[in-house]
Amino acid sequence: MTLLTDGDMLFPAEPSIRGVARDLYSSVKNLPIISPHGHTDPRWYAENNLFPDPAQLLIVPDHYVFRMLFSQGIDLESLGVPTLDGSPVQTDGRAIWRIFAENYFLFRGTPSRIWFDYTLQNLFGVEELLSAESADRIYDRIAECLQQDAYRPRALFERFNIEAIATTESALDDLKWHRQIRDSGWSGRVVTAYRPDSVVDPDFEGFAGNLDQLGDITGCDTGLWTGYLDAHRSRRAYFKEFGATSSDHGHPTAETANLSDAAAEELFNRIRNGSEDERERRLFRAQMLTEMAKMSLDDGLVLQIHPGAWRNHSSGTLAKFGRDKGFDIPSRTDYVGALKPLLDAVGLEKDLTVIAFTLDESSYARELAPLAGVYPALKLGPAWWFHDSPEGMRRFREMTTETAGFYNTVGFNDDTRAFPSIPARHDVARRVDCAFLARLVCEHRIREEEAHELATELAYTLAKQAYRL
Amino acid sequence: MTLLTDGDMLFPAEPSIRGVARDLYSSVKNLPIISPHGHTDPRWYAENNLFPDPAQLLIVPDHYVFRMLFSQGIDLESLGVPTLDGSPVQTDGRAIWRIFAENYFLFRGTPSRIWFDYTLQNLFGVEELLSAESADRIYDRIAECLQQDAYRPRALFERFNIEAIATTESALDDLKWHRQIRDSGWSGRVVTAYRPDSVVDPDFEGFAGNLDQLGDITGCDTGLWTGYLDAHRSRRAYFKEFGATSSDHGHPTAETANLSDAAAEELFNRIRNGSEDERERRLFRAQMLTEMAKMSLDDGLVLQIHPGAWRNHSSGTLAKFGRDKGFDIPSRTDYVGALKPLLDAVGLEKDLTVIAFTLDESSYARELAPLAGVYPALKLGPAWWFHDSPEGMRRFREMTTETAGFYNTVGFNDDTRAFPSIPARHDVARRVDCAFLARLVCEHRIREEEAHELATELAYTLAKQAYRL
Amino acid sequence: MTLLTDGDMLFPAEPSIRGVARDLYSSVKNLPIISPHGHTDPRWYAENNLFPDPAQLLIVPDHYVFRMLFSQGIDLESLGVPTLDGSPVQTDGRAIWRIFAENYFLFRGTPSRIWFDYTLQNLFGVEELLSAESADRIYDRIAECLQQDAYRPRALFERFNIEAIATTESALDDLKWHRQIRDSGWSGRVVTAYRPDSVVDPDFEGFAGNLDQLGDITGCDTGLWTGYLDAHRSRRAYFKEFGATSSDHGHPTAETANLSDAAAEELFNRIRNGSEDERERRLFRAQMLTEMAKMSLDDGLVLQIHPGAWRNHSSGTLAKFGRDKGFDIPSRTDYVGALKPLLDAVGLEKDLTVIAFTLDESSYARELAPLAGVYPALKLGPAWWFHDSPEGMRRFREMTTETAGFYNTVGFNDDTRAFPSIPARHDVARRVDCAFLARLVCEHRIREEEAHELATELAYTLAKQAYRL
């Protein structure tokens, strides 16, 4: 019978390329997973509880899934997405699952479909296509699995062959789940990453209070510029105790600044006393990227910049369901001018790693590959978010490799909250990269032995090196 | 002998993909044509007269054809394009045809070449390549055909297997040709579409007079905001009597607005008394898109937005030959911020359909697919205008499918004035879509039976459903 | 044994396409090279001296090479790149070569790798892959070759089968090397091109002095607008004496202007007396493009516009090593509005040729192909700079051909300072074009005999015609 996921999935049909792709893939498919950037919940690994029902695990938290269903007129309430005011939503996992199954055809041609099929097959042993007809059988199968110890978070972590995974925590987080993981004696390597948006972005909800809290936590006087910077240093050191090797910055644009100490201090003071305007808030965010880069020079954290999302685009959905409900939309992002202040400040540093992501593919060949292909400190993050898909990852390689080479990229990031999908996502990335390399081999652009080295580097080594894991 | 149009045209060369593409295509090639957006002249169907000579039918009105010839130094006068001042132009169809034939090589690699060969072969039974040498023979052949009743508009309509076709008329049009078609008892389904540019765009030539005329036609007081809106409602209802299922809006940008009633009324008053500035003219156009969308909620017309053309770019050509002479040039178009007011107003409505087109491919993956992949009211129009070509349609699928899926797209639109080319254009679209689906099948991304369903949906069903035809 | 450059390099793997590509390529691979735009040093051809050591020939002057090495943390000093202050850098060619060889893997997937392998094999008879292990053997081989008369510039020129090559000189250059070439009686065709950036760009270093010098050279009063224009006419005529058929303009943007004579004169006066602002400097550059185009109408020089580079992006590198050190970064470039003044002035002229290049691929299908596909005076330059690569050239054809056709493009430009790489670059371009044409043939979009004609035109004829060589 046809498997949900064919062994040749995503390999080009042309037989000679497919043959090389198979060879390359066979040497990387079982490599350990390095997941240096993501959003799984450290509590899972800390408590190691059973996961709830199939819908709560696989549908309700996956914005790729519910945004597609919503686009075709299916209410978020019927998919179990919680409302802010607590008004009722569907809680019956089977009912949610049936809606998803009836509409599974909507995902044809999308990466969600590939990830889902892979997960059904490889994690739950499902052999039939999800549909209205098969919905209940598959639901029961998954629900049964989820009752078993082999499906607890730590068991899955080991089964997935994860060598290291990073979560992402707010600068204000106490990291108690990470502490619990460490104290448990479990050998799984789960590290945190420093995400200070709430204390560097004056537009962040509760910013002033956040700075007060930052002061309380660190014992630094966050009413002063120097104290505020010290507080960051203190938190970064604390995050490093829990394995952090990177910081992560979700700014609306790539804008950076490099003010004099005096000007930065004055700007901070205006923001701290609330007398700043919109331009100054932008400037402060821009300045803080450079400050973070300078701290990275000292403490070695890798700096990740991923600008370009217009967050919570639908006012109505934000009001009813809150943030992160599938309404973050990419927008045009310029890098060449925006990054110049930071690059002038620290771009020539060999011991610094700044990883830039983009949601604007038009910047790949025009801006990001040329920048990463010359600045020692700058590396290119992989195809990201909406572009983390077979066609998106192929375009990334086609548009960046010739100018930046492979070695100014940093392997794959799954960037996901969807724990069960992690092996599927890495498998897709490995397949797409092997397909790309196989084409280069068959067009006599690189030798097959080079492609084997590259396949391993793209699947494993580059991520490990770039993120210092 | 080599046919002008090979049976495998546009199918990938790789044998397994080509095999699947052939199978898919064989099941859709004879499906009826749904042509929900276009610019054929309703008078043709109303009067059902014989078409004039080959040049007047195939060359003089086709801006793709004469722009290419003009770009290589051939005068528009020699191609029979009328001048505004009536200064003489070529009227001998055979002389025009000979110029075209001698320069037919210029179209190598363009869709015009494919459409033309297809039409020569399938409509006129021509078996040889057009050239200076074959020019007269082919001209005579076509001229002879055009004298036959089988080549009258209605006969061609039926021969083309058109199930429904939409024309586009100004809001001020009396729709007399549509009335004549209806009254004739002919069974061909020719519907109109509501195009109000002349009465919503303050920059439109004669705008103030147009509003007066709109008032006269409808009996509404278009000196008042409420009367003006009522006049639109009245005309939309009138257009619906003649089959309209959509409105069509050719704004320079995608900008929308959602003013309060009072602010909209004040803006209208300023524009009505001529005291507005450029910013207010833009704002009025932006507001009117949202007003049209609100009316669509009531009357069910599908709203089409296709921004981004810099119209009549050459001042010299505009002065000498007038509008629409091949000098409309695409320009960069932003959607995420521009559409937000409209989407905040009505984007979550399940019963509304807004179809967005673009001339800026960089917006496919970055903006339009993410927007259409979440807003229930928004769908993606097909690859449009210059991008309505094999490579353009392939890029459209590659850059939109993974995020928007297939089901947030609306099938194919030929958008043409060139009636004889309609079957060719739909054939190209069907071939390109089958080729794309065949690749997905051979790369094991969808199953072959799913591809068969999708092939029919992309060729027929989605257009019919989206446009409510 | 595996050759460095396989005979099928860059041809698609699918056997039927590869077969057609081979046939097409076999008919163009030995065509003479037309190199109408480049930056080789005319002194080489004039003096015909032996080239220095391998590193000085192949590494130190190649910004593609040293920027990649620098991006991975290798100091420019260790690569022999001279410092502005004369502080010491590596001068031992073998030491530089070893660093390059050890890091040759970094170039996997880049065009530099292909060009280098081609050159090693075809120019120096090297049969093994460059690596740390083979470094010294290959270095010795090249060094030995460079001592032979067969490797002098004129011998290589003839061996490369160059029919004509253009260099690029400043408007202030005395063209003494070109004079020496002409006076030598050597038959090689080396022509100059008129590059007036230093005397049309008020931001150019020493602009005022440059204008004085322009006056001295020409005997025109460059203190006056009319005298300044006359000086340009005089220099253009002088450059034409040394074979120039083109001018070349490296403006930061594509902005053009078409002021009245009086306004242009007033602007010139403000700039000449130093009272202008930034906006006026931009406007002057914009106006001068149109002035150059008007002069081209009289003297027949082809006008080349290649905007979009952010020059010398790294302040630190500029201060230490000076200009042109791999830090020129592409940025977003708009053409539709920017070129309108120039196109309104002269765009309909059939006897004028304006060639536009871009570093922003998003402009290919959206702006440049639609413009070149209608304006008689406008042609598209080939994939340029970072996009002069297999994937870049493929995208250029895929994104421009359907709208502009092949005949509004101008063949290939190598645009290089790296003389030994010229055959490699043209070979890559010929291969990529043959591969593209072969796909069109196999998809039945053009006939094989048409593809043969086109292959020759893309490799040879179009460049010769467009540049009037």
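These figures come from a predicted structure and were not determined experimentally.

A. Structural detail: the overall build of chain A. Looking only at helices and strands, chain A has 20 helices and 11 strands in total. Radius of gyration (C-alpha) of chain A: 23 Å, near the 23 Å computed for a compact globule of 469 residues. C-alpha extents for chain A along the principal axes are approximately 70 × 60 × 45 Å. Split into buried and exposed, the 469 residues of chain A put 65% on the buried side.

B. Expanded view of the pairing of strand β2 (residues 162-166) of chain C. Residues and elements named next belong to chain C. Counting buried positions over the 5 residues of β2 gives 4, a clear majority of the element. Strand direction decides the pairing type here: strand β1 (residues 33-35) and β2, joined by 3 bridges, are parallel. Counted as the bridge partner of Ile34 is Ala164 from β2. Bridge count for β2 against strand β4 (residues 190-191) is 2 bridges, and the pairing is parallel.

C. Examining the interface of chain A and chain C more closely. In this assembly, 46 residues from chain A lie in contact with 53 residues from chain C. Both faces considered, chain A and chain C share a buried interface measuring about 4000 Å² in area, 54% of it formed by carbon and sulfur atoms. Between Glu453(A) and Arg108(C) there is a salt bridge, with its nearest N and O atoms 3.2 Å apart. Run the count over chain A and chain C and you get 28 residue pairs in polar contact (both at pLDDT 80 or more). Where the side of chain A that touches chain C is concerned, the elements lending two or more residues are α1 (15-28), α16 (340-346), α17 (362-372), α18 (390-404), α19 (422-442) and α20 (448-466) of chain A. No other element matches the 7 residues that α17(A) contributes to the side of chain A that touches chain C. Here the residues of the side of chain A that touches chain C are counted per class, giving 19 nonpolar, 9 polar and 18 charged.

D. Local environment of the relation of the copies chain C and chain B. Relative to chain B, chain C is turned by 120 degrees and slid 0.0 Å along the rotation axis, the superposed coordinates differing by an RMSD of 0.0 Å. When the rotation and shift are considered jointly, the pair of chain copies conforms to a three-fold rotation axis. Taken as a fraction of all interface residues of chain C, those also at the interface in chain B reach only 7%, which identifies the copy contact as different-surface.

E. Looking closely at the relation of the copies chain A and chain C. When chain A is brought onto chain C, the operation consists of a screw motion whose angular component is 120 degrees and whose axial shift is 0.0 Å, with 0.0 Å RMSD remaining. Mapped onto chain C, only 7% of the interface residues of chain A are again interface residues, and the two copies thus contact each other with different surfaces.

F. Region of the structure containing the interface of chain C and chain B. Between chain C and chain B, the residue contacts involve 46 residues of the former and 53 residues of the latter. Of the roughly 4000 Å² buried at the junction of chain C and chain B (both faces included), carbon and sulfur atoms supply 54%. Per-residue buried area on chain C facing chain B is highest for Arg366(C), Glu402(C) and Arg447(C); these three make up 18% of the total on that side. Applying the counting rule to chain C against chain B returns 9 salt bridges. In this structure, Asp75(B) and Lys350(C) form a salt bridge, with 2.8 Å as the shortest nitrogen-oxygen distance. For the pair chain C and chain B, the interface holds 27 residue pairs in polar contact (both at pLDDT 80 or more).

G. A look at the sheet that holds β1(C). All names here are of chain C. Read from one edge of the open sheet, 3 strands run β1-β2-β4, paired in parallel fashion. Looking at strand neighbours, the two that pair on one side only are β1 and β4, the edges of this open sheet. Running at roughly 105 degrees to β1, helix α19 (residues 422-442) makes contact with β1 and β2 of the sheet.

H. Representation of the packing of aromatic side chains within the structure. Residues and elements named next belong to chain A. Under the counting rule described, the total for this entry stands at 108 aromatic pairs over all chains. Aromatic ring contacts, followed pair by pair, group Trp44, Tyr45, Phe51, Phe157, Phe160, Trp186 and Phe419 into a single cluster. Over the ring of Trp115 we find Arg425; its NZ or CZ atom is 3.9 Å from the centre of that ring.

I. Summary view of the sheet that holds strand β4 (residues 190-191) of chain B. All names here are of chain B. Reading across from one edge, β1-β2-β4 is the order of the 3 strands in this open sheet, with parallel pairing throughout. With one partner strand each, in any of the chains shown, β1 (33-35) and β4 form the two edges of the open sheet. Across the sheet, helix α19 (residues 422-442) touches β1 and β2 (162-166), and the angle it forms with β1 is around 105 degrees.

J. Just helix α7 (residues 135-146) of chain A, in detail. All names here are of chain A. Compared with an ideal rise of 1.5 Å per residue, which puts 12 residues at 16 Å, α7 spans 16 Å between its outermost C-alpha atoms and is within 8% of the ideal. Regarding α7, the residues found buried are Ala135, Ile138, Tyr139, Ile142, Cys145 and Leu146. Projected onto a plane normal to the axis of α7, the buried residues spread over an arc of 130 degrees and lie on a single side. Packed against the buried residues of α7 are α3 (54-58), α5 (93-102) and α6 (111-124).

K. Up close: the pattern of salt bridges. Residues and elements named next belong to chain A. The full count for this structure, using the stated rule, is 142 salt bridges over all chains. The salt bridge partner of Arg285 is Asp203, with a shortest N-O separation of 2.9 Å. Of the two residues, Arg285 sits in helix α14 (residues 278-299) while Asp203 sits in the loop between α10 (197-200) and α11 (207-218), which places them 82 residues apart along the sequence. For Arg236, the salt bridge identified is with Asp299, shortest N-O distance 2.7 Å. Residue Arg236 is found in helix α12 (residues 225-241), and its partner Asp299 is found in helix α14; the two are separated by 63 residues along the sequence.

L. Region of interest: unusual backbone geometry. Phi angles above zero are rare outside glycine, and Leu175(A) is one such case at about 60 degrees. When you line up the elements, Leu175(A) lands in the loop between β3 (169-170) and α9 (176-184). Judged by relative accessible area, which is 0%, Leu175(A) ranks as buried. Unusually for a residue other than glycine, Asp324(B) sits at a positive phi of about 60 degrees. Its location among the elements puts Asp324(B) in the loop between α15 (315-321) and β9 (329-330).

M. A look at the packing of α11(A) against α12(A). Residue and element names in this part refer to chain A. One can describe the packing of α11 onto α12 by two numbers: an axis separation of 10 Å at closest approach and a directional angle of 60 degrees. In terms of orientation, α11 and α12 fall into the oblique class. Our pair here, α11 against α12, has a crossing hand that is left-handed. Residues Leu211, Leu214, Ile217 and Thr218 of α11 touch α12, and the partners they reach there are Tyr228, Ala231, Ser234 and Arg235. Its residues placed into classes, the contact of α11 with α12 shows 5 nonpolar, 2 polar and 1 charged.

N. Main features of the confidence of the model for chain A. The predicted model of chain A has a mean per-residue pLDDT of 97, with 100% of residues at 70 or higher. Interface scoring of the predicted complex returns ipTM 0.97; its pTM is 0.98.

O. Examining helix α11 (residues 207-218) of chain B more closely. Residue and element names in this part refer to chain B. Under the 1.5 Å per step criterion, the end-to-end length of α11 is 16 Å for 12 residues, consistent within 8% with the ideal 16 Å. Buried residues along α11 sit in contact with α10 (197-200), α12 (225-241), α13 (261-272) and α14 (278-299). Gly219 sits one or two positions beyond α11 and adopts a positive phi of about 75 degrees.

P. Up close: the side chain of Thr110(A). Within the secondary structure, Thr110(A) sits in the loop between α5 and α6. By relative accessible area, which is 3% here, Thr110(A) ends up buried. Within the structure, the side chain of Thr110(A) is placed 2.6 Å from the backbone oxygen of Phe107(A), a separation counted as a polar contact. Dropping the residues within four chain positions of it, Thr110(A) is found in contact with Met68(A), Thr401(B), Glu402(B) and Gly405(B).

Criteria and thresholds
Residues numbered from 1 in each chain as written. Chains lettered and ligands numbered in written order. Predicted model: local features only at pLDDT ≥ 70, side-chain atom pairs only at ≥ 80, totals over all residues. Heavy atoms only, no water. Helix = DSSP H or I, 4+ residues; strand = E, 2+ residues; numbered from the N terminus. Rg over C-alpha atoms; globule rule 2.2 N^0.38 Å. Buried < 20%, exposed > 50% of the residue type's maximum accessible area, 1.4 Å probe, protein only. Pairing = 2+ DSSP bridges. Contact = heavy atoms within 4.5 Å. Buried area = accessible area lost by both parts, 1.4 Å probe. Salt bridge = Lys/Arg side-chain N within 4 Å of Asp/Glu carboxyl O. Polar contact = N/O pair within 3.5 Å; in protein donor to acceptor, adjacent residues only side chain to side chain. Nonpolar A, V, L, I, M, F, W, Y, C, P; charged D, E, K, R; others polar. Least-squares fit on C-alpha atoms with pLDDT ≥ 70 in both. Axes fitted to C-alpha atoms, helices over the stretch in contact; angles between N-to-C directions. Phe/Tyr/Trp six-rings, centres within 6.5 Å; stacked < 30°, edge-to-face > 60°. Lys NZ or Arg CZ within 6 Å of the ring centre and 35° of its normal. Expected span 1.5 Å × (residues − 1). Arc of directions from axis to C-beta. Parallel < 35°, antiparallel > 145°, perpendicular 65-115°, else oblique. Left-handed = near helix turned anticlockwise from the far one by under 90°. pLDDT = per-residue confidence, 0-100.

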